[in-house]
Amino acid sequence: TDASDLRPRCEKLAKTVDGTVENGSSMVGAGSAPGISIPSPVVRLAGRQGIYGRLLAEDRPILSRRDAGDLVLDFRAVEPGDDDIVAAAVERCL
């Protein structure tokens, strides 16, 4: 997925959940390529790392990462048809 395709999806989620879009990176290969990343827009929810566990406990677990007290969502591995599922889960967990 091209980063330019991801940005509008990130912007839509950020608007829905009161987050911000920033330039970030996605890790490659689930550990098969340590230290390698791909530039990627991400959604940051400031001060919301506390919902990390609730997102994992959803019927369809939502993977995210925690960074300096914030929650970061990366859509690179999310199918476009699942964007609304991610948004609804985040809204429930806030």
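Note that the structure is predicted; figures quoted are calculated from it, not measured.

A word on the overall build of the protein chain. On a plain count of helices and strands, the protein chain comes out with three helices and four strands. For 94 residues, the compact-globule estimate of 2.2 N^0.38 gives 12 Å, and the C-alpha radius of gyration of the protein chain, at 13 Å, lies within 12% of that figure. A principal-axis box enclosing the C-alpha atoms of the protein chain has dimensions of 35 × 25 × 25 Å. Long-range pairs, those at least 24 residues apart, make up 51% of the contacts in the protein chain between residues at least 6 apart in sequence. Of the accessible surface of the protein chain, which amounts to about 5,600 Å², a share of 51% is contributed by carbon and sulfur atoms. In the protein chain, which carries 12 positive and 15 negative side-chain charges, the distance between the mean positions of the two groups comes to 3 Å.

Here the focus is the nonpolar core. Leu13, Val43, Leu45, Ile51, Leu55, Leu73 and Val90 are the most contacted members of the largest nonpolar core, which has 18 residues in total. Of all the elements in the fold, those that place two or more residues in this core are helix H1 (3–17), strand E2 (37–45), strand E4 (70–73) and helix H3 (83–93). Not counting chain neighbours up to four residues away, the residues in contact with Val43 comprise Cys10, Leu13, Ala14, Thr20, Leu71, Val72 and Leu73.

The subject of this paragraph is H3. Restricting attention to buried positions, one finds in H3 the residues Asp83, Val86, Ala87, Ala89, Val90 and Cys93. One side of H3 carries all its buried residues, which in axial view fall inside an arc of 165°. Of the exposed residues in H3, the ones pointing more than 90 degrees away from its buried face are Asp84 and Arg92. Elements that come into contact with the buried residues of H3 comprise H1, E2, helix H2 (52–56) and E4.

With that settled, consider unusual backbone geometry. Look at Asp18: it is not a glycine, yet its phi comes out positive at around 60°. Inspection of the secondary structure assignment puts Asp18 in the loop between H1 and strand E1 (20–27). Even without being a glycine, Ala68 presents a positive backbone phi close to 50°. Structurally, Ala68 is set in the loop between strand E3 (65–67) and E4. Judged by relative accessible area, which is 76%, Ala68 ranks as exposed.

The rules behind the values
Every chain is numbered independently, its residues counted from 1 as its sequence is written. Totals for whole chains, interfaces and linings use every residue, but because this is a predicted model, local features are given only for residues with pLDDT of at least 70 and side-chain atom pairs only at 80 or more, for both listing and counting. The basis for every side-chain value is the complete set of heavy atoms in the structure, and neither hydrogens nor water enter the calculation. Think of it this way: any DSSP run of H or I at least four residues long counts as a helix, any run of E at least two long counts as a strand, and we number them from the N terminus. Only C-alpha atoms enter the radius of gyration; for comparison, a globular chain is expected to reach 2.2 Å times N to the power 0.38, where N is the number of residues. Residues are treated as being in contact if the distance between any of their heavy atoms lies within 4.5 Å. Under the convention used here, a 1.4 Å probe and the Shrake-Rupley method define accessible areas, while residue burial counts only the protein chains that appear. When charges are counted, neither His nor the chain ends are considered; positive counts come from Lys and Arg and negative counts from Asp and Glu. Where a charge lies is defined by one atom per residue type, namely NZ (Lys), CZ (Arg), CG (Asp) and CD (Glu). Note on terminology: a nonpolar core comprises buried Ala, Val, Leu, Ile, Met, Phe, Trp, Tyr and Cys residues joined through side-chain atoms within 4.5 Å. Any residue under 20% of the maximum accessible area for its type is buried, any over 50% is exposed, and the rest in between are partly exposed; the area is computed with a 1.4 Å probe on protein chains only. Here the arc refers to the set of directions running from the helix axis out to each C-beta atom.

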